[in-house]
Amino acid sequence: MATRWGKRVLVTGGSGFLGSHLCDRLISEGCEVLCVDNFYTGDKSNIAQLLDEHRFELMRHDVTFPLYVEVDEIYNLACPASPIHYQFDPVQTTKTSVHGAINLLGLAKRTKAKILQASTSEVYGDPLEHPQEEGYWGHVNPIGPRSCYDEGKRCAETLFFDYH
Ligand SMILES: NC(=O)c1ccc[n+]([C@@H]2O[C@H](COP(=O)([O-])OP(=O)(O)OC[C@H]3O[C@@H](n4cnc5c(N)ncnc54)[C@H](O)[C@@H]3O)[C@@H](O)[C@H]2O)c1
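The following refers to the structure shown. (Residues numbered from 1 in each chain as written. Predicted model: local features only at pLDDT ≥ 70, side-chain atom pairs only at ≥ 80, totals over all residues. Heavy atoms only, no water.)

## Describing helix 1 (residues 17-28)
Here is step 1 of the chain: Compared with the 16 Å implied by 1.5 Å per residue over 12 residues, the 17 Å span of helix 1 between its first and last C-alpha is a close match.
Here is step 2 of the chain: Where the residues of helix 1 are buried, they touch strand 1 (8-12), strand 2 (32-37), strand 3 (56-60) and strand 4 (73-76).
Here is step 3 of the chain: The positive-phi residue at the C-terminal boundary of helix 1 is Gly30, with phi of around 95°. (Helix = DSSP H or I, 4+ residues; strand = E, 2+ residues; numbered from the N terminus. Expected span 1.5 Å × (residues − 1). Contact = heavy atoms within 4.5 Å.)

## Quick look at the site of the ligand
Here is step 1 of the chain: Contacts to the ligand come from 26 residues, most closely from Leu18, Asp37, Thr41, Tyr149 and Lys153.
Here is step 2 of the chain: Separating a nitrogen atom of the ligand from a backbone N or O atom of Val63 is a distance of 3.0 Å.
Here is step 3 of the chain: Between an oxygen atom of the ligand and a main-chain N or O atom of Leu77, the distance comes to 3.0 Å.
Here is step 4 of the chain: Only helix 1, helix 3 (90-111) and helix 4 (147-163) provide two or more residues apiece to the shell around the ligand.
Here is step 5 of the chain: Class assignment for the residues of the shell around the ligand results in 12 nonpolar, 11 polar and 3 charged. (Near = heavy atom within 4 Å. Polar contact = N/O pair within 3.5 Å; in protein donor to acceptor, adjacent residues only side chain to side chain. Nonpolar A, V, L, I, M, F, W, Y, C, P; charged D, E, K, R; others polar.)

## What about the packing of aromatic side chains?
Here is step 1 of the chain: All chains considered together, the criterion is met by 2 aromatic pairs.
Here is step 2 of the chain: Between Tyr86 and Tyr149, the ring centres sit 4.4 Å apart and the planes meet at 5°, which makes this aromatic pair stacked. With a gap of 63 residues between them, Tyr86 in helix 2 (residues 83-86) and Tyr149 in helix 4 connect regions that are remote in the sequence. Summarising the burial analysis for this pair, Tyr86 and Tyr149 share the class buried.
Here is step 3 of the chain: Measuring from ring centre to ring centre gives 5.9 Å for Tyr124 and Tyr136, while their planes differ by 25°; the resulting arrangement is stacked. In this pair, Tyr124 is assigned in the loop between strand 5 (114-117) and helix 4 and Tyr136 in the loop between strand 5 and helix 4, connecting sequence segments 12 residues apart.
Here is step 4 of the chain: Classification of Tyr124 by relative accessible area gives buried; the value is 13%. (Phe/Tyr/Trp six-rings, centres within 6.5 Å; stacked < 30°, edge-to-face > 60°. Buried < 20%, exposed > 50% of the residue type's maximum accessible area, 1.4 Å probe, protein only.)

## A closer look at the side chain of Asn103
Here is step 1 of the chain: Residue position: Asn103 is located in helix 3.
Here is step 2 of the chain: Discounting chain neighbours no more than four positions away, the residues touching Asn103 are Val63, Thr64, Phe65 and Pro66.

## Digging into the pattern of salt bridges
Here is step 1 of the chain: Enumeration according to the criterion identifies 9 salt bridges in this entry.
Here is step 2 of the chain: Between Glu73 and Lys7 there is a salt bridge whose closest N-O contact spans 4.0 Å. Placement of Glu73 in strand 4 and of Lys7 in the segment before strand 1 is noted, with a sequence separation of 66 residues between them.
Here is step 3 of the chain: A salt bridge links Glu122 to Arg146; the nearest nitrogen and oxygen atoms lie 3.4 Å apart. You can see Glu122 sitting in the loop between strand 5 and helix 4 and its partner Arg146 sitting in the loop between strand 5 and helix 4, a full 24 residues away along the chain.
Here is step 4 of the chain: For Arg146, a relative accessible area of 37% corresponds to the partly exposed category. (Salt bridge = Lys/Arg side-chain N within 4 Å of Asp/Glu carboxyl O.)

This is the structure we're talking about:
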């Protein structure tokens with residue numbers, strides 16, 4: 001715990017379901033947390049308990065646009081996760097995964113920050129193997145109603161490995 005004290009951590013999608021709990025955890029570990037969210041599916045009420053915390057900062061920002069901040073670690077959680085939300089504007093969903101990954105990987109490269117991508121088992125599409133092992137490439141459809149989410153996350157994984 002002591003090693004994380006004072007670390008500047010960026011959480012994209014930080015006002016969402018998972019992101020808000022991650023922000024809570026990071027603050028409890030002594031980190032300085034920058035929560036970035038465009039509030040598409042997230043809500044300020046999820047992080048209301050953190051708004052008075054001096055180590056917590058909230059920024060309304062869409063990750064499809066570049067972000068210029070100084071951080072030590074990045075958790076990229078920004079992306080609508082439920083079908084009803086990600087299918088509402090499928091182009092924006094793909095942009096969030098792909099442009100978001102490019103922008104945040106660029107930020108990680110410049111700041112030498114460690115970065116984590118929240119991917120999904122949806123990258124396996126409609127899998128023919130259960131459970132899916134890391135070596136399984138999936139059974140995916142590039143043009144279906146779920147493709148904006150699945151293919152966006154797959155492309156983000158490609159970007160993360162190419163940067164790596
Ligand atoms: N919840 C799950 O079971 C699950 C499973 C696998 C993967 N994931 C992934 O984990 C991450 C978080 O999921 P969640 O369940 O908390 O979803 P969520 O919808 O509650 O949170 C996503 C957050 O991202 C924000 N967001 C969306 N587009 C954005 C953009 N362009 N710029 C900035 N912020 C944006 C939303 O406003 C929201 O606060 C997602 O990337 C999701 O794909 C979730």
